[in-house]
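Inside the fold
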Amino acid sequence: MEITGQYLMNLILNGLLIGFIYALMALGLTLIFSVLGVVSFAHGEFYMIGGYVLFFLLDTFTGLNPLIAVVLAGLATFVIGFIFERLFLRPMAKGEIERPGEYAILVTFGLAFFLQYIVLAIVGPYPKKAQRFFDLPTLDLGWISSTATTLRIFDIPLSAARLTAAALAVILLVIAIYFMYRTWTGRGLRATSQDKQAASVVGINPLNMSTLAFGLGTMLAGMSGAALVTVFSWVPAVGVPASSKSFVIIVLGGMGSLPGAMLGGLIIGLVESLGAGLLPDPNRALAYKDAFGLAIFALVLLIKPTGLFGREL
Amino acid sequence: MIELDVHDVYKNFGGIQALNGVSFGIRGNELIGLIGPNGAGKTTLTNVLDGVYKPNQGEVMLNGRRISGLPPYEVARRGLGRTFQVTRAFRRMTVLENMLVPAMALHPAARQKDFHDQAMEVLEFLTIEHLAGEYARSLSGGQQKLLELGRLLMLDPDIIILDEPFAGVHPKLMETIYEYIMTVHEQGKAFIIISHDMDSIFTLSKRLLVLNYGELIADGDPKVVKEDPVVIEAYLGEEEEEGPTVIPARRLAISEETGEGDDA
Amino acid sequence: MNRSLLQWIMAGAALILVLAVPLLLSNYPYWLHVAIVGFFYAILASSWTLLAGHAGQFSFGHMAFMAIAAYTTGILGRDLGLPPVAGIIVGTLLSGFVGLIVGFLCLRLRRTYLALFTIAFSEILRLSLNSELDLTGGPNGLHLERLLETTSRVPYYYIMLGLLLASLAFMYWLARSRFGLFFRAIREDEEAAAAMGVHVVRYKIMVFVITSMIAGLAGAVEAHYIEFITPNILIIAQMSLVIAMAVIGGIESLVGAAIGAILVQFALEFLREIPLPEALMPWVVEMGPRLEAIGLGVGEHGILTNAWRLVVFGLVLMLTLRFARNGLIFPIIDRLFRQRARKETVAKRVQAGEVEP
């Protein structure tokens, strides 16, 4: 296998495209961690559910605008996250739970188990994949050309599905950033994440902020899944590597650091793509794809147990 | 005889120099008070002595052997015990079990029942023997403090460092703690007591160490140290920032000058 | 005296019952199999309880150690012709060795980071097992030699039961010994434990090595019983199941976790099919397609629950965590066999002013 500049570019571009969606998903997890102080071990399962909701929406309501479907998928995961937080996590903040640290890990782990199996039960194990949202216009300008399914820049193929997903992720990231830094609620969330007591003194209800943060976090995960279900084949177990990736990203980027999470997402997308593409044995490479990020993650944890930059747990 | 030597210890974190060339020695069963304004480095010094931190420079010798750089459990075994500012009893273990942990740690060949009587004796001395079978978490704050002190004794250390033993303690408990310190001291152990409670420190200690900004600015007889101008300044500097009575007066003065007020 | 005698009689009766099960179930080899698998999970759940509940190390790599031994004995059997018993020994030792390394690597990792790291370790192992087709057979799995030259399940029942009882006895002894004291001190407050002279490094590594060896032993033996393993034994969902069993049984109780595991295993089997009266069956068949649409199925005598049984356990896990932190089984054992009731009452009496604090 020859490694040409073009091949490398292919890997880099495709890696970045996926990286944007990972960034969105990781942003959700960072939001949850920074406001609640909890790493949700079920984050990948919300990503998984988002994908399924989108698939079934588009499958059932054929005329539905896919962008609306993505939003609806996000709403679905928001609601599930909201309910879970109110029932199982809020008691922690109210001091009703012994050994909350241990509890948070176990109960979100339990949620992951529950969600994975409930989806498996309802949907079954056979893979699903959604149709790409938009066909690209056909065009040919030499260096850049496109068919319905693929865009070609300097002969590097980028699938329409992947492009759409990435574009969607970028738009959502921008909206999310605007929300967090420019709106009152967003600032409230950030204030709560920095100092709960101080925030409550100025009239922000930390309990409600926590619920909101969790719901928004799971919503972002759900929308990431909704974007990627057009790219990847979906099974109920797809949440597990997604969870792992999210953990890797937030530890790399720093727990609680919003920009760190986004940067981390792009890095992991690149690492996976390059790792899979550059490993000499193509069969192994694909199977180990998920392992690259994990390996880096394990190494980072060993060298710096609190992540690259970001606050301590 | 107990010998502790702290040679020129430096400790910094990132850009902050927490300890700046601290040196002192202990001979025999001294009863030393360690005082200084907030942030002076008292707990950092304790952590260095205890092995939680490794000094960047300098060394600590206990009874002729180097303990700086050793992990806390080794330091504990060599004869240095300490308490923490916040009581840290083993909550989901019984009071008796709490007491047995250091005993078992120090005596690899012993069985738990070998130390049962000794543990009960110490608990009795601390007036909490009736709680022996209770989980530490159901004890009151004061009782947990006493448990910590008892636990220390089971370690049989030569030197005991108490970090704020009197903080938030009611008078009756204070008495028990005083008695503890005096009795154990008479039995031959050295104490370093960190406290902001000046009355207690001056009553108990025969020698005073004063830290300020990581430096040892005084070391000697409490009566003398009390009058030392350097020490007074160190504390006065802090009082001005913290004392509630000072600030309103200042503000009042300023507002009078600038003419602010309801009728301005 | 009376109470103590009663406790011994109850324990004795339970033991006799458990030993006699194969005789009672000799016509139902399937249920013997369920029991054997139940014992296997019981060993895993109770050893995880020692690691997480007693020593406070919330490691999610437990199944990985189990898998290491299973694959080791399988591979050595296939490539070197090593007999099962030898393979089991080597596998167990290797699990212990990897446990040593992982324990060492985890020394500086605090709770959530420990959980994340061990998940990563487990997943990397699983992905490797899936990819290294030449070595492990990949997703197609690995065949192993049977442990005994018999088609009956009865000897395996006693072997697994024996392993369970032996490991419980060992871990119970450990928990009551100085080591248990140190493990719990480390769990409660590692820094304070160190200040009290507890060699935290040694004991944290020790608990990893011991529990990974126990998990490995169970895994290797089970592998030679089932005669087949795939990387799916390592999936996170399996770890979740073991955790659910430990939590439901009682995360601080070795026996509670073991019993919890056995009960959950049997419950999962019982719940495979919800029996309905024969009269209702025609209606069930008619409802077939609609049932299937939500993941249920039509069985011979009732409704097949399929994956829904596990959904139920996920829910039970979450509810147990929320409302019964000590587990569901442990409180029962505690009332029957201990006198812990005394524990909180003295404190209460102090509060009521009856006793001087």
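What you see is a predicted model; the values in this text were computed from it and never measured.

Glancing now at the confidence of the model for chain B. In the predicted model, chain B carries a mean pLDDT of 86, and the fraction of residues at 70 or more is 89%. Low confidence marks residues 239-264 of chain B, where pLDDT is under 50. Its contacts with residues over four positions away, or in another chain, come to four contacts.

Opposite the 31 residues of chain B that make contact, chain C presents 22 residues. Looking at the side of chain B that touches chain C, the elements that each hand over two or more residues are helix 2 (72-78), helix 3 (95-106) and helix 5 (141-154) of chain B. For the side of chain B that touches chain C, the class distribution of residues is 16 nonpolar, six polar and nine charged.

Before going further, it helps to examine the arrangement of the chains. For the two pairs of chains in contact, the maximum contact count is reached by chains A and C. A gap remains between chain A and chain B, which never touch, and the nearest two C-alpha atoms on either side lie 11 Å apart.

Turning to the sheet that holds strand 1 (residues 3-13) of chain B, a few remarks are in order. All names here are of chain B. The sheet built from four strands is open, its strands ordered 2-1-4-5 with antiparallel pairing. Whereas interior strands pair on both sides, the edge strands pair on one side only; in this sheet they are strand 2 (16-27) and strand 5 (65-66). Bridge count between strand 4 (residues 57-62) and strand 5: two bridges; the pairing is antiparallel. Residue pairing across strands places Leu 62 opposite Arg 65, the latter belonging to strand 5. With respect to the sheet, helix 1 (residues 42-50) is in contact with strand 1, strand 2 and strand 4, its orientation differing from that of strand 2 by roughly 60°.

Here we come to the nonpolar core. Grouped together as the largest cluster of nonpolar side chains are 287 residues, with contacts concentrated most on Ile 21 and Leu 54 of chain A together with Ala 45, Val 198, Val 242 and Met 245 of chain C. By residue number, the principal contributor to this core is helix 1 (residues 5-36) of chain A, which donates 16 residues.

Each side of the interface is counted separately: chain C has 39 residues, and chain A has 39 residues. Of all elements in the fold, only helix 5 (111-131), helix 11 (236-249) and helix 15 (308-323) of chain C reach the threshold of two or more residues within the side of chain C that touches chain A. For the side of chain C that touches chain A, the element with the highest residue contribution is helix 5 of chain C, accounting for 14 residues. Taken together, the residues that form the side of chain C that touches chain A break down as 26 nonpolar, seven polar and six charged.

Here we take up helix 6 (residues 171-186) of chain B. Residue and element names in this part refer to chain B. With 16 residues, helix 6 extends 22 Å between its outermost C-alpha atoms, agreeing within 8% with the 22 Å of an ideal straight helix rising 1.5 Å per residue. Among the residues of helix 6, Ile 177, Tyr 180, Ile 181 and Val 184 are the ones counted as buried. Taken around the axis of helix 6, the buried residues stretch over an arc of 90°, which confines them to a single face. In helix 6, those exposed residues whose orientation departs by more than 90 degrees from the buried face are Pro 171, Lys 172, Glu 175, Thr 183 and Glu 186. Each element contacted by the buried residues of helix 6 is listed here: helix 5, strand 8 (190-194) and helix 7 (198-204). With its phi angle positive at about 115°, Gly 188 sits one or two positions after the end of helix 6.

All names here are of chain B. What the six strands build is an open sheet, ordered 6-7-8-3-9-10; its pairing is mixed. The strands lining the two open edges of the sheet, one partner per strand, are strand 6 (80-82) and strand 10 (215-220). When strand polarity is set aside, the average angle formed by the axes of neighbouring strands in this sheet is 15°. By the bridge criterion, four bridges tie strand 3 (residues 31-35) to strand 8 in an arrangement that is parallel. Paired with Ile 32 across the strands is Ile 192, a residue of strand 8.

What follows concerns the pairing of strand 7 (residues 159-163) of chain B. Residue and element names in this part refer to chain B. A large share of strand 7 lies buried, amounting to five of its five residues. Burial along strand 7 is two-sided: Ile 159, Ile 161 and Asp 163 facing one way and Ile 160 and Leu 162 facing the other are all buried. Strand direction decides the pairing type here: strand 6 and strand 7, joined by three bridges, are parallel. Of the residues in strand 7, the one forming a bridge with Gly 81 is Ile 160. The pairing of strand 7 with strand 8 spans five bridges and is parallel.

Residue and element names in this part refer to chain C. The geometry of helix 2 (residues 29-54) relative to helix 12 (residues 254-270) is characterised by a closest axis approach of 7 Å and an angle of 145° between their N-to-C directions. When you trace helix 2 past helix 12, the crossing you get is right-handed. Counted together, Val 34, Val 37, Gly 38, Phe 39, Tyr 41, Ala 42, Ala 45, Ser 46, Thr 49 and Leu 50 of helix 2 and Leu 254, Ala 257, Ala 258, Gly 260, Ala 261, Ile 262, Gln 265, Phe 266 and Glu 269 of helix 12 form the full contact between these two elements. Looking at the contact of helix 2 with helix 12, its residues break down into 13 nonpolar, five polar and one charged.

A few words now on unusual backbone geometry. Residue and element names in this part refer to chain B. Of note in the backbone geometry, Asp 156 takes a positive phi value of approximately 50° without being a glycine. Inspection of the secondary structure puts Asp 156 in the loop between helix 5 and strand 7. Its 15 C-beta neighbours within 10 Å are what place Asp 156 among the partly exposed residues. In this structure, Tyr 213 is a non-glycine residue whose phi angle is positive, near 50°.

We now examine helix 11 (residues 282-303) of chain A. Every α-helix winds through 3.6 residues per turn, so residues three or four apart in the chain are directed the same way. Its 22 residues place the ends of helix 11 of chain A 30 Å apart at the C-alpha level, agreeing with the 32 Å of an ideal helix rising 1.5 Å per residue. By the largest-angle criterion, Tyr 288 of chain A marks the main kink of helix 11 of chain A, which is about 55°. Among all positions of helix 11 of chain A, only Ala 287, Tyr 288, Asp 290, Ala 291, Phe 292, Gly 293, Leu 294, Phe 297, Ala 298 and Leu 301 of chain A are buried. Those residues of helix 11 of chain A that are buried lie in contact with helix 9 (239-253) and helix 10 (258-278) of chain A together with helix 5 of chain C.

A separate point is the environment of Tyr 157 of chain C. Residue and element names in this part refer to chain C. Mapping Tyr 157 onto the fold places it in helix 7 (residues 154-176). Residues Tyr 157 and Leu 304, spaced 147 residues apart in sequence, show a C-alpha to C-alpha distance of 27 Å. The residues contacting Tyr 157, other than those within four sequence positions of it, are Pro 22, Leu 32, Ala 35 and Ile 36.

Residue and element names in this part refer to chain C. Two numbers describe how helix 4 (residues 84-105) lies on helix 10 (residues 200-226): the axes approach to 7 Å, and their chain directions differ by 150°. Classified by the angle their axes make, helix 4 and helix 10 are roughly antiparallel. Helix-helix and strand crossings are classified by hand; for helix 4 and helix 10 the assignment is right-handed. Per-class residue counts for the contact of helix 4 with helix 10 are 14 nonpolar, ten polar and one charged.

Calculation rules
- Position labels on residues start from 1 in each chain and follow its written sequence.
- Chains and ligands are labelled by the order in which they are written, letters from A for the one and numbers from 1 for the other.
- Predicted model: local features are reported for residues with pLDDT of at least 70 only, side-chain atom pairs are reported and counted for 80 or more only, and whole-chain, interface and lining totals are derived from all residues.
- Per residue, pLDDT captures the predictor's confidence, and it can take any value from 0 to 100.
- Throughout, a residue-residue contact means that the two C-beta atoms, derived from backbone geometry, are no farther apart than 7 Å.
- Only DSSP runs of H or I with at least four residues qualify as helices, and only runs of E with at least two residues qualify as strands; both kinds are numbered from the N terminus onward.
- As a working rule, the residues Ala, Val, Leu, Ile, Met, Phe, Trp, Tyr, Cys and Pro are called nonpolar, Asp, Glu, Lys and Arg charged, and the rest polar, with Gly in that last group.
- A pair of strands is considered paired only if DSSP assigns at least 2 bridges between the two.
- For helices, the fitted line uses only the C-alpha atoms of the stretch in contact; every axis is such a line through C-alpha atoms, and the angle between N-to-C directions lies from 0 to 180 degrees.
- A set of buried residues qualifies as a nonpolar core if it consists of Ala, Val, Leu, Ile, Met, Phe, Trp, Tyr and Cys joined through C-beta atoms within 7 Å.
- The burial criterion counts other C-beta atoms lying within 10 Å of a residue's C-beta, which is placed from the backbone; the residue is buried at 20 or more, exposed at 12 or fewer, and partly exposed between these limits.
- Every helix has an expected span of 1.5 Å times one less than the residues it contains.
- Our arc is simply the arc of the directions from the helix axis toward the C-beta atoms.
- By the definition used in this description, the sense in which the near helix is turned from the far one sets the handedness, with an anticlockwise turn below a right angle giving left-handed and a clockwise turn giving right-handed.
- For a residue, the bend is simply the angle between two axes, fitted respectively to the seven-residue segment ending there and the seven-residue segment starting there.
- If an angle is under 35 degrees, it is roughly parallel; if it is over 145, roughly antiparallel; if it lies from 65 to 115, roughly perpendicular; otherwise it is oblique.

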